[in-house]
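Here is how the chains run, residue by residue.
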Amino acid sequence: MPENGRGFEAPDGFESFARASQRRLYRTAYLLCGDADTARDLTQTTLAKLFQYWRRASAADNIDAYARTVLTRTYLAERRRRLRDLLAHSRPDPRPAPEHADLRMTLLSALAGLPPKARAMVVLRYWEDLSVESVAQLMRCSESTVKSQCSRSLARLRAELGEAHIYVTGS
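Residues numbered from 1 in each chain as written. Predicted model: local features only at pLDDT ≥ 70, side-chain atom pairs only at ≥ 80, totals over all residues. Heavy atoms only, no water.

**Comments concerning the packing of aromatic side chains**
Argument step 1. Summed over all chains, the structure comprises 4 aromatic pairs.
Argument step 2. Judged by centre distance (5.6 Å) and plane angle (40°), the rings of phenylalanine 17 and tryptophan 54 are tilted. Placement of the pair is phenylalanine 17 in helix H1 (residues 13–33) and tryptophan 54 in helix H3 (residues 54–58), with a sequence separation of 37 residues.
Argument step 3. The exposure class of phenylalanine 17 is buried, given its relative accessible area of 0%.
Argument step 4. Classification of tryptophan 54 as buried rests on a relative accessible area of 10%.
Argument step 5. Among the aromatic side chains, those forming a connected cluster through ring pairs are Phe14, Phe17, Phe51 and Trp54.
Argument step 6. A cation over an aromatic ring shows up here: arginine 125 above the ring of tyrosine 126, its NZ or CZ 5.5 Å from the ring centre. (Phe/Tyr/Trp six-rings, centres within 6.5 Å; stacked < 30°, edge-to-face > 60°. Helix = DSSP H or I, 4+ residues; strand = E, 2+ residues; numbered from the N terminus. Buried < 20%, exposed > 50% of the residue type's maximum accessible area, 1.4 Å probe, protein only. Lys NZ or Arg CZ within 6 Å of the ring centre and 35° of its normal.)

Next up, the structure:
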């Protein structure tokens, strides 16, 4: 049995891994970027990078954590690149606040208002339910940075959403 316990070292191991984890990677990508098309692109880019370095990836102790790391770092790198391009070409208009949107759309909109790194920390910490230590290692920062960024981000989300919106599911 291979070290990672999943049997993904075989020649067809990448295909098996990709089939088994594509939906999970897509879900995380969607939460990070908030757009279905971008999430599909991000998932495919992640899988392409994993394929390129499959020998190293398949040898990882936890291949799912390895894939999530690749996904998160790819997201952050693309956000930085897009931000540089955007700033070089124009000033973005402020995003209008959603009116009477359902809770899911309101939450996604609020998440989109967070900076990419803070958004990634919130998604990894609270949606993926990773420990502070895991998020710190994944994001290459200190545990105190994760704690403070998550605390500030949650305070910002609470201020934007208001406490009353947490329990509302319809109009």
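**Brief notes about the pattern of salt bridges**
Argument step 1. Going through the model one piece at a time under the given rule, you end up with 5 salt bridges.
Argument step 2. Across the salt bridge formed by glutamate 128 and arginine 68, the nearest N and O atoms sit 3.7 Å from each other. Taken as a pair, glutamate 128 in the loop between helix H6 (116–127) and helix H7 (132–139) and arginine 68 in helix H4 (residues 63–89) lie far apart in primary sequence, 60 residues in all. (Salt bridge = Lys/Arg side-chain N within 4 Å of Asp/Glu carboxyl O.)

**Here's the deal with the confidence of the model for the protein**
Argument step 1. Averaged over all residues, the pLDDT of the protein equals 81, while 75% of them reach at least 70.
Argument step 2. Across the protein, element-level confidence peaks in helix H2 (residues 36–52) with a mean pLDDT of 94 and bottoms out in helix H5 (residues 103–112) with 79.
Argument step 3. Throughout residues 1–5 the model reports pLDDT below 50, and contacts reaching past four residues in sequence, or to other chains, amount to 10 contacts. (pLDDT = per-residue confidence, 0-100. Contact = heavy atoms within 4.5 Å.)

**Section: the side chain of threonine 43**
Argument step 1. Mapped onto the elements of the fold, threonine 43 is located in helix H2.
Argument step 2. Those residues in contact with threonine 43, other than ones at most four positions away along the chain, are Gln22, Leu25, Tyr26 and Ala29.

**Overview of the environment of alanine 67**
Argument step 1. Within the element layout of this structure, alanine 67 appears in helix H4.
Argument step 2. Look at alanine 67 and you get buried, because its relative accessible area is 1%.
Argument step 3. Not counting residues within four places of it along the chain, the set of residues in contact with alanine 67 comprises Phe17, Leu25, Thr46 and Leu50.

**Here's the deal with unusual backbone geometry**
Argument step 1. In this model, aspartate 129 sits at a positive phi of 60°, which is unusual for a non-glycine residue.
Argument step 2. Relative to the helices and strands, aspartate 129 resides in the loop between H6 and H7.
Argument step 3. Owing to a relative accessible area of 61%, aspartate 129 belongs among the exposed residues under this scheme.
Argument step 4. The residue arginine 140 is not glycine, and still its phi comes out positive at about 60°.
Argument step 5. Residue placement: arginine 140 occurs in the loop between H7 and helix H8 (143–161).
Argument step 6. The exposed category is assigned to arginine 140, whose relative accessible area is 64%.

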